[in-house]
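Breakdown of the fold
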Amino acid sequence: MADTKQNPLDDRPGDPAVDNPLHTPEAADASPAVETFAAARETLAEAVEEAAPAAAEDKHAGPTHYVGSTTVIRGRVIPLPVYTVVFITLGILTLFELALAEVFPRGGLTIPIMLLASLTKAALVVWFYMHLNSDSRVFALTLLIPVLMVLLATGFLLIVPIGY
Amino acid sequence: MSEVTVHQQPHTPAQAGHHPSAAARSDNLKFGTWLYLASEVVIFSVLIAMYVLFRVHNPEVVAQFHEGIREWPGIWLVSINTFLLLSSSWAMVMGLRQIQLGNRAGLVRWIALTALLGTIFVVLQYVEYSELAHKGITLYYNQDSTYTDYGMRFYAPTAFHGFHVIVGVIWALYVVMNARRGNYSADNYAGVEVFGLYWHFVDVVWIILFTLIYLV
């Protein structure tokens, strides 16, 4: 049986004897440089073949969302898992919202600021706790498409005058 | 003449005689959960949109409600509830982290805490509803109350959310039971992840409702 398997590293076209008029099989076999090159090429090909299945398995192996015991923010190492850092941030943002609602009169800039803080909190939960930062973008689309559609519908209802 | 042999590759896992990998099954399960959550997004969005429209067209009624809940327990009770739900989400991901590390006992502890915090949330919401009913904020029509039209807009999203928390608590207890039976491990925790998606979604909905209904 003829071995039709193509070496992925062997991308040289055609017969070397035809491509290179100076090439002769006898000269090539005798050359130490060619022997060294051929040996190196075989070693490299074996290494690639061994590494490829391992890499493919690694892609699906083990915990996909595992987080370490520390969080790095702008080069600064915080000795807490990212989940805890996000939780503390959520707490601070909630306190900020409460302070804004209780101290300042409602209206003006307070409403958009509170809404922004709320959306930031929601985004933090979705991004870090629901793992959209590492999961497929398709998951994000399944969330975004209905949200956008409802926002459009609500915006439309808001601009329609009462009575219609 | 050279001999040529053709090897037919199986096209599907069934033809190959094996099941999809654990990672592929986990991804499928998560995608199904995200599709379910998308339907929940539509339902909650309609309820929230209904509230927002009422809020825009009747600002005086909402202002009166906000004045009314300034008295104890009012906004503070709801704020405690908000922190409880945020803490439960944190407990949920910490539980997931424990099972990823292979610590089953840690998973049981954190998810049990999640269930406990969710239960306290529901109990406090019942207390809040009782207080509001005394102030005349009811679900049914009451011509003597200024909140007649407000009641439905308020209770529909918050009570529907409360129902989701109850479902989440039951699901958390189921996860705890499964964990105690040894059904999860460092290589098999898709069930925990899927529950986490649901629970965090419930948390996200409350984050929005808290600001829209009680603060803005």
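Residues numbered from 1 in each chain as written. Chains lettered and ligands numbered in written order. Predicted model: local features only at pLDDT ≥ 70, side-chain atom pairs only at ≥ 80, totals over all residues.

**Here we look at the overall build of chain A**
Applied cut-off: For the purposes of this entry, the term helix denotes a DSSP run of H or I that reaches at least four residues, the term strand denotes a run of E that reaches at least two, and both are numbered from the N terminus.
Along the backbone of chain A there are six helices and two strands. Reading the helices (α) and strands (β) of chain A from amino to carboxyl end gives α-α-α-β-β-α-α-α.

**Here's the deal with the confidence of the model for chain A**
Residues and elements named next belong to chain A. Quick reminder of the rule: pLDDT is defined as a per-residue confidence score from the predictor, taking values between 0 and 100. By the convention adopted here, residues make contact when the C-beta atoms placed from their backbones lie within 7 Å.
Considering every residue of chain A, the mean pLDDT works out to 74; 60% of them sit at 70 or more. When pLDDT is averaged over each helix and strand of chain A, the minimum, 44, is found for helix H1 (residues 16–19) and the maximum, 96, for helix H5 (residues 110–129). Considering only residues more than four positions removed or in separate chains, one finds that residues 1–24, a stretch of pLDDT under 50, has 15 contacts. Every residue in residues 51–63 is under pLDDT 50, and counting partners more than four places away or in other chains gives four contacts.

**Some points on unusual backbone geometry**
Residue and element names in this part refer to chain A. We count it as follows: Field definition: a residue is buried when 20 or more other C-beta atoms are found within 10 Å of its C-beta, exposed when 12 or fewer are, and partly exposed for counts in between, with C-beta atoms placed from the backbone.
One non-glycine residue with positive phi stands out, namely arginine 74, at about 50°. Structurally, arginine 74 can be placed in the loop between strand E1 (71–73) and strand E2 (76–78). On the basis of neighbour counts, which here come to 4 C-beta atoms within 10 Å, the residue arginine 74 falls in the exposed class. Look at histidine 131: it is not a glycine, yet its phi comes out positive at around 65°. Mapped onto the secondary structure, histidine 131 falls in the loop between H5 and helix H6 (137–159).

**With respect to helix H7 (residues 190–215) of chain B**
Threshold: Helix span, expected: 1.5 Å multiplied by one less than the number of residues in the helix.
With 26 residues, H7 of chain B extends 37 Å between its outermost C-alpha atoms, agreeing within 8% with the 38 Å of an ideal straight helix rising 1.5 Å per residue. With 21 of 26 residues buried, H7 of chain B lies mostly within the body of the structure.

**Notes on the nonpolar core**
Applicable threshold: Any nonpolar core is a set of buried residues, restricted to Ala, Val, Leu, Ile, Met, Phe, Trp, Tyr and Cys, that join up through C-beta atoms within 7 Å.
Ranked by size, the top nonpolar core spans 65 residues in total, and within it Leu107, Ile111, Val192 and Phe210 of chain B carry the most contacts. Elements with a contribution of two residues or more to this core: helix H4 (82–103) and H5 of chain A together with helix H2 (22–57), helix H4 (74–100), helix H5 (104–134), helix H6 (148–180) and H7 of chain B. Tallying contributions element by element places H7 of chain B first for this core, with 16 residues. Contacts of valine 192 of chain B, omitting those with residues within four sequence positions, involve Gly95, Leu96, Ile99, Leu107, Val175 and Tyr184 of chain B.

**Concerning the packing of H2 of chain B against H7 of chain B**
All names here are of chain B. Convention followed: The axes are straight lines fitted to the C-alpha atoms, using for helices just the contacting stretch, and the angles between their N-to-C directions are given from 0 to 180°. The labels follow the angle: roughly parallel below 35 degrees, roughly antiparallel above 145, roughly perpendicular from 65 to 115, and oblique for the rest. When the near helix sits turned anticlockwise from the far one by under a right angle, the crossing is termed left-handed; a clockwise turn instead gives a right-handed crossing. Under the scheme applied, nonpolar residues are Ala, Val, Leu, Ile, Met, Phe, Trp, Tyr, Cys and Pro; charged residues are Asp, Glu, Lys and Arg; polar residues are all the others, including Gly.
Two elements in contact, H2 and H7, have axes separated by 10 Å at closest approach and are oriented at 15°. In terms of axis orientation, H2 runs roughly parallel to H7. Note on packing geometry: the crossing formed by H2 with H7 is right-handed. Each of Arg25, Ser26, Leu29, Lys30, Thr33, Leu37, Glu40, Phe44, Ile48, Tyr51 and Val52 in H2 lies in contact with H7, whose residues at this interface are Ala190, Glu193, Val194, Leu197, Tyr198, Phe201, Val205, Ile208, Leu212 and Ile213. Residue classes in the contact of H2 with H7 are distributed as 15 nonpolar, two polar and four charged.

**Quick word on the interface of chain A and chain B**
Contacts between the two partners involve 36 residues from chain A, matched on the other side by 40 residues from chain B. Secondary structure elements with two or more residues in the side of chain A that touches chain B: H4, H5 and H6 of chain A. Of the residues forming the side of chain A that touches chain B, the biggest block, 10 residues, is contributed by H6 of chain A.

**A word on the environment of histidine 164 of chain B**
For histidine 164 of chain B, the position within the fold is in helix H6. The exposure class assigned to histidine 164 of chain B is partly exposed, which follows from the 19 C-beta atoms found within 10 Å.

**Considerations on the packing of H6 of chain B against H7 of chain B**
When two helices pack together, you describe them by how their axes are tilted relative to each other and by the distance separating the axes. Residue and element names in this part refer to chain B. Following both chains from N to C, one finds H6 and H7 inclined at 155°, their axes separated by 10 Å at the closest point. Between H6 and H7, the interaxial angle falls into the category roughly antiparallel. The interaxial crossing formed by H6 with H7 has left-handed handedness. In contact with Phe154, Pro157, Thr158, His161, His164, Val165, Gly168, Trp171, Ala172, Val175 and Asn178 of H6, H7 contributes Gly191, Val192, Phe195, Tyr198, Trp199, Val202, Val205, Trp206, Leu209 and Ile213. A class-by-class count of the residues in the contact of H6 with H7 yields 15 nonpolar, six polar and no charged.

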